[in-house]
Every structure is written in structure tokens, then in C-alpha cells.
Amino acid sequence: MKFTLSWLKDHLETSATLEQIVAKLSLIGLEVEGVEDPAAKLLPFTVARVIEAKQHPNADRLRVCRVETAQGEVQVVCGAPNARTGMWAVFAPAGSFIPGAGITLTPGVIRGEQSNGMLVSEREMGLSDEHDGIIDLQEPAPIGTPLADILGLNDPVIEVAITPNHAEALGVRAIARDLAAAGLGTLKPLDTSAIAGSYDSPLRWRIESGAAETYCPYVAGRHFRGVKNGPSPKWLQDRLRAIGLRPISALVDITNYVTFDLNRPLHVFDASKVSGDPTMRLARDGEQVLALDGKTYRLDPSILVIADERAPEAIAGIMGGEETGCTEATTEVFLEVAYFDPILVQRAGRKLGVTSDARYRFERGLDPESCRWGVEIAARLILELCGGEASRPVAAGTLPRPEKRVTLRPERVATLGGVAVPAAEQQAILERLGFVVTQRDALLEALVPSWRPDIDGEADLVEEVLRIKGYAAIPAVSLPRGHALPEAVLTETQRRRTQIRQTLAWRGLEEVVTFSFMDGRVAANFGGVPDKLTLDNPISAELDVMRPTILGNLAEAAARNADRGFPDAALFELGSIYRDDTPDGEILTATGLRAGAGSPRHWAGGARPVDAFDAKGDVLAALQMLGAPVDNLVVSTDAPAWYHPGRSGALRLGPTVVAWFGELHPRVARALDLKGPIAAFELFVEAIPKPKASKQGKLKPPPKLPPFQPLVRDFAFLVEAAVPAEKLLRAAKGADRALIVGVEVFDLYQGQGVPAGQKSLALAVTLQPAAATLTDKEIEAVAAKIVAAVTKATGATLRG
């Protein structure tokens, strides 16, 4: 919502400065989004007099002007045809920014003549498109007078954010009322006195019986004749331009002005173009209307229209029609001031895709009483600016007069709001806001003004008192010592969900959300489901059972992607699977699936297909993020039958299975129409142990970085081919936990030189001394421990 400072002062008698007004607006809940001072960008441009303008000696279309400015006499080369001796113009000195041209002036030489500054046109100032010549001030003004003062462009524009519960603040007067209530001035009276009509209107308002009476319970207006629809006065055009509206004609500008001034949308019809009495009715199927935005809209019976005997002439509450719009030739006018149902207007606007200032206000709820005084306000402006004479008012329907009374217990301001406000002050604040307040048995009974439909109960009155009193008056209260803090908003499971999603997304998987149901034929590939998990009334024949795993849904999604030319898939979903129909049978899992290439094609090497280790890496990354004891995990080879028997495994903490991972069984992949290896994992979130709570007040000490350089020793072991590498890693790391900080497999070899049925595994062991640099003897002792530990745990021997 935008308005100028002078516009606000039309309603508010105040001596407050702009800064005080801006600060107070934000404090009373009308957040100021910006203040634009048009005079600021015009500050360098001042009145100057052309002492002499003579022909440029080296250019036919240029003149050399001697210009008297506030800084003294300067020479300017000017190409304007109207530059002449003795004229009063606007001077821009060197160094000033020209907003219309987007340039910064610098002194220069033009065709051999010095030029220090510029005589500017309206277009160069960004004031209009006029560029036939430089600005020619018809009336002399003191040299050095700012251009903003001459043009009256020294009126700051204020923009405030409007919250849904303060729809009345879409009018300047309501903003002035709030400021007056907050002690920043006095609200000026609004002249809503009746304008006497001199004849009976030839047109009457009608409302079709039925639904239209609900959607438009009341409409009023009057007829005008002998009007002259020329340009609106300068003050009105300036205000509309300041808030971003384009002046059109006096009649149209009046309706826009009242919309923003008083939050009362209006519409005027060219009465000579209306056939018969205008009627509020629902549109018929197939009807169309050419709106004022130049677009034709197709209507249906859910949309309320204003129609004459021929066709719809306006979309009620949203936009008027082109065919009955007012033009410069208009001499007869019929005024519409109506009350429309907010929900109806919102639905129609969304359906048609039309936005307008009228719709924005109607769908938020208007003051029903504005239908009564809006007719008089509009009539007064039309007669003053356009002349002519007005008919007596005409109306149809019954004006809604909702009477709502709310009782306020004065002590509730302190108990709900945290600040004690005397009852008398509460009453005064509410009365300044327009409430009619009576005191009964230490209670305040407030009659809610018609423009505040958002006031429903006592808490709303407390809020009104607090915002006008000032939220800054609420004292800051420290939390008492020993007071228990509220529990965390997110549970441990909710936090884990977020951590898992982030980790898997970082690893390049895309999250999907599928149904909790599955095709029974697909479920059969994953062990099937008990009869109790078969749906009696499925939403689709292909979704007839509760899913026993999410893998089936991800596999189907990957297959659909492949069919559409995207064979490389990396998907995951976090959700529940179902083992039986008991509460314990619902299990939260994070499931992922990779298909196609595990790495993109590259000139240094071909793309490799995904494998079981991709899935294992995804699982371990998620577990590490959750703080699970990854080093204590044991890999077993007892993954379910839908995994490849030689390329899969289970991650266990003791006897508890934390996750399954590996490649899908080729039989399952074929059944799901998937080509190539498919890597997948299933992580059972609730099986992961929760981190131990730290003792209160105990913080982890910062890590101490050892001052000594680590060293790496390599070992190659011969071991039975069936022995997993993990056993060697675990044994080597446990040989000396104080010194050994890392063990990795860096080579696997089977072939010439290695006995049949065995393999060669090479380990890189990192030693990190903490107290002193290791001696050769100490290193050899640790190496012996490593060999002994690996041999004892796996039967491996050191390869020669």
C-alpha cells in the first residue's frame, strides 16, 4: 500500500516529521517497506537563466549558451531547438546523474566549444516522454531553486506492508486513524454528507433473485448527466503517479483515488451505452466479456456479473467492461457502489486469472457501510471535477449491518500481553480506533466498527490495545534461574529424518515420494505380504497391498525413467514399510536404488556400472551422519533373497540388523524390467542406537592435534579367498589402538604367484605417535603385533 505524505495529512492533523511517522507505522503493525523521496534524485537540478544563446560556430544544430546558475556563469552546448536567450530553464551541473538518460555528466568539449553541464528536458529527468526541447519554465523563479520545488515533486512516498487482518489499512484514512490513535495527531472529519439529487435516475439497480442476492446483498449508485470527462486536475494526477498508477481521465481517476483513499472500490458506466437497468446476476455458460484490460474472458455460472439487457458489462468486484467504459466523449454516467461476497470474488479472480485493485480489496472484506457514504463521496468528486448534475440515489437489496460486541476484561491485557494498561487508557485507545466502548461492572464492552471484520474475541481487543500502546512498552523479563527449558521442538526421529535426507542428497540421490501401497505381483519379488496387508478397497488395481519394502516402488520409478531415455537413476525415499498389521509391523526405513552408470563417461576411462559398494557407501555415509558406531559394524552375508547372493550383505551391530545393501538379484531385476546391475540398500532407522546423552555441563574438549608426523606401513597378506577383507581390517586396527589410527585395503590380487583358493590383500596401516617420534625398533614391534593379530584372526600369512 503506497501513499504520499501530503495525502496522509489530508486525513491526519499532525506536526510529526516523516521520520516520526515512519517509525510509528512500524511500531503499530504497519511495517514500512520503503520510503521514496522523489526530490532526492532531482536535488542537483535547479533553475537557471540563459543569458545568451548563439549559434555554434562548427555545428548547425547546436547552440552555445551562457547560463546563469547558483554556482555562477557557465557555458553549455545545447542541441535543443527551443534554447534561446532570456529563457528560464533547468540546469544539471557536471557530476550529476541524469536519470532519464542513465549517464553521469562530465565536463567536455563539443565541436571545439567547452560544455560544463546540461540544460535538460522532461524525458532526461524521467518525468515524461517529452523530448521536443529543454524544460521551458514559463514563470521566472529564483536562480538555484530546486526543480522538485517548482514541479511540486517534494512529496515523499511511503509504502507499508498490509497483513491479512488489517485489510482496512488498504485505505489512507485507516492508516491515519491508527496513527491518530497512537498519539501522532488528530484524525480529521470526513465529509460524508448527502448530495441532493435534482432528478430521478433513468437507470435502476436490480439484483436477480436467488444466489445473486447472497453474493451481492446490496448495491447503490446514482446517475449523472452533463458531465465533462477531461483530464483530472494536477493534484490528483500527481498522487496517482506517485503510487504507480497512470492517470486516464477524470472519471476513472476519481474511482482509483477513492479506492486508495478510503478503501472503497467504485465503478462508473457510460450510461449512454447501457441498455436497460444494470442487474447483478450469475453468468450464463458461454457468455463472454471484453474487460478494461483488453482481454476477453469466458464466463460460467460460478461468476457474478453486472449485466444489462444485452450481455454482461462487468465482472462483479473485479473489473469493468470495455464496451460500457467511460471515454472523453462520455457525458452521462451511472455509478456503482456495491458490496460483494469476498469468497466469490476470490474464486472468480483465480478462475479467470485476473488481478485488480478492486479484487484485492473485495476478497479481503470491505466495510459494508462504505456502500452508503461511498455514493456521496463519489458524487461530490464527480460534480466538483466533471461538473453536471446528479440524480437522486438508487439502490437494490439490503445493506448488511453486522453488529458485533466483544467484552474485554481489562486485566487480560496484562495476563495475555505482558504489560499493565489502565482500564481508562484501554477504553480511550479502542475509542480512538473507532470502537464504541461502554463500561459495565469493571468490564469493557466494545461495539466493533463495521470496517474491522477481523475482530472476533477478547484476544483481538488485547492485541489492538497493545499495538497502539506500543510493543516496546512490554518489559523484558529474564527466565528465572533453574526454570526448566521447553523440550526441543523436533524429536530425535525427526532430526534423524532430516540428517538422512541431507546426506543422501549430498551423495547425489534424488528423493522421491511414492505410495505406501504396491502391486501384489511386485511385492511377490520381495517376499510377498501376509493376507492382512492386502487392501479390501484399493485406489487402483496396481496398488492392492501395503508395501513390504520401498525397493519395489523405486525399481518401478527407475524403469519408467529408463523407458523415457534416462537409464541412470539415483533415487531414495524415507518412509514406512509394513511387515504385519500390528503397530510394531510398521518400520521406518531409508531406501535407495542406483541404476545404470555409477560414474559419468570420461576421456580418461569409461563409465563403470553401479555395484554393491555404491550402496554400501550410501549406507555408511548416512550412519556416520547419525553418529552410529560405524567402526563396530559387522558385515554378514545373509541379505534377503531379493539381493544377489554373492554381491550383498547385512550391516549388524551385535545381533541387530541395521541395514541391507548390495545388488538386486538378476531374477528380480528382470521381473521389474530393469537392465544391468542395480545397487540398492535398506536402512532401518529405528534400529540405529541413539547417541548417549552427555552429562550436563560437560563439554567435549577440543581435539588435540599431535605434533608428530604420521607414518604409513604397507602389509600384504595371503588369505583364503572366502575370508572377507573386513576381518583383516578389524584385526589390524585392534593390534594397537593407541598408535593405529587408520587401516585401508589398497590392493587385491589373485593370479600367478598366489596359490589357488587364496587371495593377496594389501593393507596400508597409518601410525600416529602422540608422545614422541617412533624409533625403528618401536615400528618393528608394532608391525609384528599387526601380523600376529591378522594371522590369529583370519589365518592369513604375510606374503613374501
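Residues numbered from 1 in each chain as written. Predicted model: local features only at pLDDT ≥ 70, side-chain atom pairs only at ≥ 80, totals over all residues. Heavy atoms only, no water.

Asker: What am I meant to see in the pattern of salt bridges here?
Answerer: Side chains that carry opposite charge are capable of pairing whenever their charged atoms lie near each other. According to the stated counting rule, one finds 48 salt bridges in the structure shown. With a shortest N-O distance of 3.8 Å, Glu13 and Lys188 are connected by a salt bridge. With Glu13 in strand β2 (residues 12-13) and Lys188 in the loop between β14 (186-187) and β15 (206-207), this residue pair connects regions lying 175 residues apart in the sequence. Across the pair Glu511 and Arg501 runs a salt bridge, and its minimum N-O distance is 2.7 Å. Here Arg501 lies in helix α15 (residues 492-506) and Glu511 lies in strand β31 (residues 510-511), a separation of ten residues in the sequence. Overall, the relative accessible area of 38% leaves Glu511 in the partly exposed class. One continuous salt-bridge network, built from bridges that share partners, spans Glu168, Asp178, Arg452, Asp454, Glu464 and Arg467. (Salt bridge = Lys/Arg side-chain N within 4 Å of Asp/Glu carboxyl O. Helix = DSSP H or I, 4+ residues; strand = E, 2+ residues; numbered from the N terminus. Buried < 20%, exposed > 50% of the residue type's maximum accessible area, 1.4 Å probe, protein only.)

Asker: For this particular structure, what's the right way to read the sheet that holds strand β36 (residues 634-636)?
Answerer: Working definition: the strands of a sheet are paired by backbone hydrogen bonds and lie parallel or antiparallel to each other. Read across the open sheet, the seven strands follow the order β31-β34-β35-β39-β38-β37-β36; overall the sheet is mixed. Looking at strand neighbours, the two that pair on one side only are β31 and β36, the edges of this open sheet. Helix α18 (residues 612-625) contacts β35 (586-595), β36, β37 (643-653), β38 (656-664) and β39 (678-684) of the sheet and is inclined by roughly 150° relative to β38. (Pairing = 2+ DSSP bridges. Contact = heavy atoms within 4.5 Å. Axes fitted to C-alpha atoms, helices over the stretch in contact; angles between N-to-C directions.)

Asker: Please clarify how the side chain of Ser370 should be interpreted in this entry.
Answerer: Relative to the elements of secondary structure, Ser370 occurs in helix α11 (residues 370-386). Residue Ser370 is classed as buried on the basis of its relative accessible area, which comes to 1%. A distance of 2.5 Å separates a polar atom in the side chain of Ser370 from the backbone oxygen of Asp367. Among residues more than four places away in sequence, those in contact with Ser370 are Arg264 and Val337. (Polar contact = N/O pair within 3.5 Å; in protein donor to acceptor, adjacent residues only side chain to side chain.)

Asker: How do you make sense of helix α2 (residues 18-27) when you look at a structure like this?
Answerer: Helical geometry note: an α-helix holds 3.6 residues per turn, so side chains three or four residues apart project in the same direction. Taken as a whole, α2 has its buried residues at Leu18, Ile21, Val22 and Leu25. The buried residues of α2 occupy an angular sector of 100° when the element is viewed end-on, so they sit on one face. Phi for Gly29, located one or two positions after α2, is positive at around 95°. (Arc of directions from axis to C-beta.)

Asker: Looking at this model, I keep getting lost on unusual backbone geometry. Mind explaining?
Answerer: The bulk of non-glycine residues show a negative phi, and the bulk of peptide bonds are trans. Notably, Asp441 is not glycine yet its phi reads approximately 50°, a positive angle. Following the sequence through the fold, Asp441 ends up in the loop between β29 (436-440) and β30 (443-447). By relative accessible area, which is 75% here, Asp441 ends up exposed. Of note, Ala442 is a non-glycine position whose phi angle comes to about 65°, a positive value. Position of Ala442 relative to the elements: it lies in the loop between β29 and β30. Take Ala442: its relative accessible area is 56%, and that puts it in the exposed class.

Asker: Can you help me understand the packing of helix α8 (residues 250-262) against α11 in this one?
Answerer: The geometry of a pair of packed helices is captured by two quantities: the angle between their axes and the separation between those axes. Viewed as axis vectors pointing N to C, α8 and α11 meet at an angle of 140°, and their least axial separation amounts to 10 Å. When the axis of α8 is compared with that of α11, the two are oblique. α8 and α11 meet at a crossing whose hand is right-handed. Residues Ala250, Leu251, Ile254, Tyr257, Val258 and Leu262 of α8 form the contact with α11, whose own contacting residues are Trp373, Ile377, Leu381, Ile382, Leu385 and Cys386. (Parallel < 35°, antiparallel > 145°, perpendicular 65-115°, else oblique. Left-handed = near helix turned anticlockwise from the far one by under 90°.)

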